[in-house]
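Each chain is listed here by its residues.
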Amino acid sequence: LAMDSSGMLYLGVSDEFGTKATYKSTNNGTSWTTFVPGVALSNLAVTRGGYVFGIAPVNKLVRVKTDGTEYTVLDSLFTGRGFAFLANGNVYAVETDGSLLRSTNNGVSWTTAADASYGAKSVHCPDGTTVFMTASKGRLLREVFRGWTDVTDDLRNTFVPSLLCTRGGAIYAGTQLGIWGAANKTGPWALRLNATWQASFPPHYVWSMAEGSDGFLAAVAEGLGFSSGGVSYEAWSGNVATSSNGWTDAA
């Protein structure tokens, strides 16, 4: 599922009857119309330039205009995932070999932004200009001129699937150990991370976050312990956390 700046929703669907298509909705999902017939696009993402990116079956990277009039196969064997788009039009994608790719022409061609030695896991651009990469060994890195700088510190050995940059300039990192906050996404991270990061909510695996008009939303997973017949096990459930100041459970 993806949403553009106008609020249009895009969704790739493949049901149990073999029906495949990608749909769009102008009314928050109340009704849907066909956007791309016969193809269920996954890993959907929308650029500021009016393109929808997606992965078609058999690893085909495709690009579609938001009005649906142009469907272009950019790469017939593309193994990158997890797109991030910058305000200047650059596109980033994580390769399955652990490298990070960059495109300056809306995905027509790609160059290496970080080689496989980094072990890239995901890429984020929460404010449209600053690029962050989660890498092997739980590292969080920020792109700087001609390279990358490690801004992990207290987040080391955690999984960071989401980042959110607020309208006020603060940044939140959604990790496997909850939501962490920093007052500034630039210099202070490299100087005094121990004093900058603070844990602000206990749920595990924060998959996505968003800032609303009166607070924040986060999609999280909670692990619950159970015991039955002498056997103990843990079950995970999806949840939504919301916040107007601190983070609270919204179920």
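Since we're looking at a predicted model, the values are computed, not measured. (Residues numbered from 1 in each chain as written. Predicted model: local features only at pLDDT ≥ 70, side-chain atom pairs only at ≥ 80, totals over all residues. Heavy atoms only, no water.)

**Thoughts on the sheet that holds strand β5 (residues 42–46)**
Piece 1. Reading across the sheet, the 4 strands line up as β5-β6-β7-β8 and stay open at both edges, with antiparallel pairing between neighbours. Two strands lie at the open edges of the sheet, namely β5 and β8 (71–75), each paired on one side alone. Between one strand axis and the next, the sheet turns through 25 degrees on average, direction left out of account.
Piece 2. As defined by bridge partners, strand β7 (residues 60–65) adjoins β8 across 4 bridges and the pair is classed as antiparallel. Its bridge partner being in β8, Arg-63 is matched across the sheet by Thr-72. (Pairing = 2+ DSSP bridges. Helix = DSSP H or I, 4+ residues; strand = E, 2+ residues; numbered from the N terminus. Axes fitted to C-alpha atoms, helices over the stretch in contact; angles between N-to-C directions.)

**Observations concerning the side chain of His-124**
Piece 1. Mapped onto the elements of the fold, His-124 is located in strand β13 (residues 122–124).
Piece 2. The buried category is assigned to His-124, whose relative accessible area is 11%.
Piece 3. Ignoring sequence-local partners within four residues, the contact set of His-124 consists of Ala-84, Thr-130, Val-131, Phe-132, Thr-134, Val-160, Pro-161, Ser-162 and Leu-163. (Buried < 20%, exposed > 50% of the residue type's maximum accessible area, 1.4 Å probe, protein only. Contact = heavy atoms within 4.5 Å.)

**Some details on the nonpolar core**
Soluble globular proteins: nonpolar side chains tend toward being buried together.
Piece 1. Of all hydrophobic cores here, the largest spans 15 residues; its most connected members are Tyr-92, Leu-100, Val-123, Val-131, Met-133 and Trp-148.
Piece 2. For this core, the secondary structure elements donating two or more residues are β10 (91–94), β12 (111–114) and β14 (132–135).
Piece 3. Sequence-distant contacts of Trp-148, that is, excluding residues within four places in its chain, are made with Leu-100, Ala-113, Ala-114, Tyr-118, Val-131, Phe-132, Met-133, Leu-141, Arg-142 and Glu-143. (Core = buried A, V, L, I, M, F, W, Y, C linked by side-chain atoms within 4.5 Å.)

**Digging into the environment of Gly-138**
Piece 1. Positionally, Gly-138 belongs in the loop between β14 and β15 (139–144).
Piece 2. Each C-alpha atom of the pair Gly-138 and Thr-175 lies 9.8 Å from the other, and the pair is 37 residues apart in sequence.

**A few points about the sheet that holds strand β9 (residues 81–85)**
Hydrogen bonds along the backbone pair up the strands of a sheet, which may run parallel or antiparallel.
Piece 1. The 4 strands are arranged β9-β10-β11-β12 in an open sheet whose pairing can be described as antiparallel. Two strands in the sheet have a free side with no partner beyond their single neighbour: β9 and β12. Put simply, the sheet's adjacent strands are angled 30 degrees from each other on average, direction ignored.
Piece 2. As paired elements, strand β11 (residues 100–103) and β12 share 3 bridges and run antiparallel to each other. Among the inter-strand pairings, Leu-100 is bridged to a residue of β12, identified as Ala-114.

**Some words on the confidence of the model for the protein chain**
Piece 1. Per-residue confidence for the protein chain gives a mean pLDDT of 80, with 80% of residues at or over 70.
Piece 2. Note on residues 186–196: pLDDT is under 50 here. Beyond four places in sequence and across chains, it has 20 contacts. (pLDDT = per-residue confidence, 0-100.)

**Quick notes on unusual backbone geometry**
Piece 1. Non-glycine residue Asn-28 carries a positive phi angle of around 60 degrees.
Piece 2. Position of Asn-28 among the secondary structure elements: in the loop between β3 (20–25) and β4 (33–37).
Piece 3. You will see that Asn-59, though not glycine, has its phi angle at about 60 degrees, which is positive.
Piece 4. With respect to the secondary-structure elements, Asn-59 resides in the loop between β6 (51–56) and β7.
Piece 5. With a relative accessible area of 26%, Asn-59 lands in the partly exposed category.

**Things to note about the environment of Thr-96**
Piece 1. Position of Thr-96 relative to the elements: it lies in the loop between β10 and β11.
Piece 2. When the C-alpha positions of Thr-96 and Thr-79 are compared, they lie 6.0 Å apart, and in sequence the two are 17 residues distant.

**Observations concerning the packing of aromatic side chains**
Piece 1. Inspection of every chain in the model, using the stated rule, returns 8 aromatic pairs.
Piece 2. Every member of this aromatic cluster is reached through a ring pair, and the members are Phe-53, Phe-78, Phe-83, Phe-85 and Trp-110.
Piece 3. For the cation-ring pair, Arg-63 lies above Tyr-51, with the distance from its terminal atom to the ring centre recorded as 4.3 Å.
Piece 4. The side chain of Lys-65 reaches across the aromatic face of Tyr-51, ending 4.9 Å from its centre. (Phe/Tyr/Trp six-rings, centres within 6.5 Å; stacked < 30°, edge-to-face > 60°. Lys NZ or Arg CZ within 6 Å of the ring centre and 35° of its normal.)

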